[in-house]
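# An overview of the molecular structure
So you can see what is in the structure, the chains are spelled out below.
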Amino acid sequence: MKNYLKIFSIVLIACIALTGCGKKEKKDPIVGKWVYETTDSIYYIFKEDGTGSYTFAGASKKFTYTIDGDKLSILYDGDTNSFDTTFEIKDNKLNVKDSFGSDTIYKKK
């Protein structure tokens, strides 16, 4: 009986170790650099930690962001109100609604 418990314990520990070490967390698809469809001088960088930066014409602004389903909320440093929009990622393209409600397309780099 003692040998059975030892073998069972070893097998159980091995299974836990193998399944725990082999898993990778799924990376959020928005993480990365997204360049405006018509020019490389406008782009967003989204980081895994919920921060990022927006670059337009050489000027860069940092932000924090949250995602809830297809809703994206960006709070730029220094602002008190967030920019809230919807988004969709398909075929390495990020489609967001701009502040006027029009579709804006970014390509993943």
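Residues numbered from 1 in each chain as written. Predicted model: local features only at pLDDT ≥ 70, side-chain atom pairs only at ≥ 80, totals over all residues. Heavy atoms only, no water.

### Looking at the overall build of the protein
Across its full length, the protein holds one helix and eight strands. Going residue by residue from the N terminus, the α and β elements of the protein occur as α-β-β-β-β-β-β-β-β. Looking at the protein as a whole, 23% of its 109 residues qualify as buried. A separation threshold of at least 6 residues defines the contact pool for the protein, and within that pool the share at least 24 residues apart is 27%. (Helix = DSSP H or I, 4+ residues; strand = E, 2+ residues; numbered from the N terminus. Buried < 20%, exposed > 50% of the residue type's maximum accessible area, 1.4 Å probe, protein only. Contact = heavy atoms within 4.5 Å.)

### A few points about the pairing of strand 3 (residues 51–56)
Bridge analysis of strand 2 (residues 42–46) against strand 3 gives five bridges, and the strand direction is antiparallel. By the bridge assignment for strand 3, tyrosine 44 is matched with tyrosine 54. The turn linking strand 2 back onto strand 3 is made up of four residues, and glycine 50 within it adopts a positive phi angle of 85°. Linking strand 3 to strand 4 (residues 59–68), which pair antiparallel, is a turn of two residues; within it alanine 57 sits at a positive phi near 55°. (Pairing = 2+ DSSP bridges.)

### Brief notes about unusual backbone geometry
Not every positive phi belongs to a glycine, and alanine 57 is a case in point at roughly 55°. Looking at the secondary structure, you find alanine 57 in the loop between strand 3 and strand 4. Look at aspartate 91: it is not a glycine, yet its phi comes out positive at around 55°. Mapping aspartate 91 onto the fold places it in the loop between strand 6 (83–90) and strand 7 (93–97).

### With respect to the pattern of salt bridges
All told, the structure shown has four salt bridges when counted by the stated rule. We note a salt bridge from lysine 93 to glutamate 37, for which the minimum N-O separation is 3.9 Å. Of this pair, lysine 93 sits in strand 7 while glutamate 37 is found in the loop between strand 1 (32–36) and strand 2, placing the two residues 56 residues apart along the sequence. Glutamate 37 gets classed as partly exposed once you look at its relative accessible area, which sits at 36%. Here aspartate 103 and lysine 97 are joined by a salt bridge, their closest N and O atoms 2.8 Å apart. (Salt bridge = Lys/Arg side-chain N within 4 Å of Asp/Glu carboxyl O.)

### Digging into the environment of lysine 107
Within the secondary structure layout, lysine 107 lies in strand 8 (residues 103–108). Residue lysine 107 is classed as partly exposed on the basis of its relative accessible area, which comes to 29%. Between the alpha carbons of lysine 107 and tyrosine 43 there is a distance of 9.0 Å; along the sequence they are 64 residues apart. Filtering out sequence-adjacent residues up to four positions away, lysine 107 remains in contact with Lys33, Trp34, Val35, Tyr36, Glu37 and Asn92.

### Description of the sheet that holds strand 4
Backbone hydrogen bonds hold the strands of a sheet together, and the pairing may be parallel or antiparallel. What the eight strands build is a closed barrel, ordered 1-2-3-4-5-6-7-8; its pairing is antiparallel. Pairs of neighbouring strands in the sheet enclose a mean axial angle of 35°, with direction left out of account. (Axes fitted to C-alpha atoms, helices over the stretch in contact; angles between N-to-C directions.)

### Remarks on the packing of aromatic side chains
Evaluation of the coordinates by the stated rule reveals 10 aromatic pairs. In this arrangement the basic side chain of lysine 33 is found over the ring face of tyrosine 43, its NZ or CZ atom lying 4.2 Å from the centre. (Phe/Tyr/Trp six-rings, centres within 6.5 Å; stacked < 30°, edge-to-face > 60°. Lys NZ or Arg CZ within 6 Å of the ring centre and 35° of its normal.)

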